[in-house]
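Here's the letter readout for the chains.
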Amino acid sequence: MIAKTGVYTFLVCVLMSVTAYASFYVAPTESTMGLVQRIFYLHAPSGMVSLMAFLVSCIGSVAYIFTRKAKWDWLAVSSAEVGVAFCTVVLLTGPIWAHPAWGVWWAWDARLTSTLVLWLLYVAYLILRTMMEDADRRALVSAFFGVFTFLDVPLVYGSIWWWRTQHPQPVVFTSAGLDPTMRKVFYLSWLSLTCLMALLVRQRYELESSREELRTLEQELEAN
Amino acid sequence: MRLFANTAALLGKELQTEFRSRELLTTTIVFVLIVIVLFSFTFDPSVSESRRFGPGLLWLAFLFSASLMIQPSFLKERTNDTLSALRLSVGDPFAIFLAKLLANACMLLLTQLLLLPIFAVLYNVRVFPVFPQLMLVFLLGSTGVAVTGTALSAISAQARMRELLLPLLLLPLLVPILIASTEATAALLDEKPALRWDWLGILVAFDVVFLTALWLFGEYLLEE
């Protein structure tokens, strides 16, 4: 078990190092934005990976409500937490890129605003979990909130998109005509961050399962 | 049919308990009034400025007050230990949610109805010619707030720090409502008033999505 995790961790480390090397040395420097554009290889795939993690979390929540198996709750909380971590990376790397590229740290553009709201929603989900003692109740209630949150995502995106496209837009995203090497590095980065996400979710899941084991043992000890 | 009969009986109970004391309604109305007055210090409340900021501040005040007003919805059942009795008295637990959310929507609408003329006088906007349309926006907006708020109050009643937790969970979830209602209200208070069906569409979508989710998953929240 530990050997398997070790091997996988090692592989993810190698993949991450290759990605880091590729995004600094293999991908060509962008002509207008220069060096700072390279943060794109961390920024954009992190956004996609965080959405994937939130999707997994929602699946875990729904499955918990119907099956009541604790493992689904562990999956939901693990992936929500990892999703928030990746979403934080997106929100931190964004301004680093935006300031030299657009001249402002933050713009209330549709994509930025909805990512921020998404982050807030999942942080609220994690806070809710800390406010309940009983494990079964916490699992059920947070699964319910997880479903609500996920249902809200398309509405948030839709309304903010609609709202912002009606106002003058400070930013125009143009992804057309991406250099082929850049594209390859981008996909590599996406792959390695997805593998990293899987590793983190797995580790977090193991932690949750050990916690549960500890709790059961403690209860048995008290009973004796 | 049983569902409607049960809901009507429970709704009667909810409204009766509230109108006996009128504590919640009076406090909420004064709270919104305070917020509306305080907002006037943050910008110059001339006619054109009021048109720009008025709808947003009105809805923000409503959302904040709703997150406080909906708080006791399930808490009072818990403190009086009447939730089990409620559950036993109805066949479908959805009736409990439906009655509570209808009562909350009624109280929200009443608050809005009473405060709209005061807002119109203080901020010098003409609401009378578009009153029916404004009521439609308020009805759809309040329904969305009541549906999500009632569901989440069932969650927060079971947690620690519940007074802070409900706004924390509810407000980010209500982003689509805030945007759509504000924009629809702003269009109605404009020099050339217009009923914006696109924003009303978002409100309807929000109401339908969350009402369905509550119908599907709500009963699990009331498990003892």
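Everything quoted here is computed from the prediction, not taken from an experiment. Numbering of residues starts from 1 in each chain and follows the order in which that chain's sequence is written. Lettering for chains starts from A, numbering for ligands starts from 1, and both go in the order in which the items are written. Only residues with pLDDT of 70 or above have their local features reported here, since the model is predicted, and side-chain atom pairs are shown and tallied only from 80 upward, although totals for entire chains, interfaces and linings are computed over all residues.

## Details of the overall build of chain A
- When helices and strands are tallied, chain A shows 6 helices and 0 strands.
- The helix and strand labels rest on DSSP assignments: H or I over at least four residues marks a helix, E over at least two residues marks a strand, and numbering proceeds from the N terminus. Tracing chain A from N to C terminus, the helices and strands come up as α-α-α-α-α-α.
- For chain A, the C-alpha atoms occupy an extent of roughly 70 × 45 × 25 Å along the three principal directions.
- Considering chain A as a whole, with its 224 residues, one finds that 34% of them fall into the buried category.
- Of the contacts made within chain A by residues no fewer than 6 positions apart, 79% connect residues no fewer than 24 positions apart. Neighbour counting defines burial: a residue surrounded by 20 or more other C-beta atoms within 10 Å of its own C-beta is buried, one with 12 or fewer is exposed, and intermediate counts give partly exposed, using backbone-placed C-beta atoms. Contact definition: two residues whose C-beta atoms, as placed from backbone geometry, lie within 7 Å.

## Regarding the confidence of the model for chain A
Residue and element names in this part refer to chain A.
- Of the residues in chain A, 93% reach a pLDDT of 70 or more, and the chain-wide mean stands at 86.
- Of all the helices and strands in chain A, helix α5 (residues 135-166) carries the lowest mean pLDDT, 86, while helix α2 (residues 40-67) carries the highest, 92.
- As a per-residue quantity, pLDDT reports the predictor's confidence and falls between 0 and 100. A low-confidence stretch, residues 168-173 stays under pLDDT 50, and its non-local contacts, those more than four residues away or across chains, total 7 contacts.

## So, the interface of chain B and chain A
- Counting from both sides, the interface comprises 25 residues of chain B and, opposite them, 25 residues of chain A.
- Counting residues per element, the ones that place at least two in the side of chain B that touches chain A are α8 (162-173), α9 (175-189) and α10 (197-221) of chain B.
- Top element by residues in the side of chain B that touches chain A is α10 of chain B. It accounts for 10 residues.
- Each residue belonging to the side of chain B that touches chain A can be placed in one class, and the counts come to 21 nonpolar, 1 polar and 3 charged. Ten residue types, Ala, Val, Leu, Ile, Met, Phe, Trp, Tyr, Cys and Pro, are classed as nonpolar, four, Asp, Glu, Lys and Arg, as charged, and the remainder, Gly among them, as polar.

## Quick look at the nonpolar core
- Grouped together as the largest cluster of nonpolar side chains are 109 residues, with contacts concentrated most on Phe-144 of chain A together with Ile-155 and Leu-169 of chain B.
- A per-element tally of this core places helix α6 (residues 94-123) of chain B first, with 14 residues.
- Not counting residues within four places of it along the chain, the set of residues in contact with Phe-144 of chain A comprises Ile-65 of chain A together with Ile-155, Phe-217, Tyr-220 and Leu-221 of chain B.
- In this structure, Ala-27, Tyr-41, Leu-42 and Val-185 of chain A belong to the second largest nonpolar core, which totals 6 residues. Joining buried Ala, Val, Leu, Ile, Met, Phe, Trp, Tyr and Cys residues through C-beta atoms within 7 Å gives a set, and that set is a nonpolar core.

## Examining the environment of Glu-133 of chain A
All names here are of chain A.
- Checked against the element boundaries, Glu-133 lands in the loop between α4 (110-130) and α5.
- With 10 C-beta atoms counted inside 10 Å, the residue Glu-133 sits in the exposed group.
- Sequence separation of Glu-133 and Trp-102 is 31 residues, and the distance between their C-alpha atoms is 46 Å.

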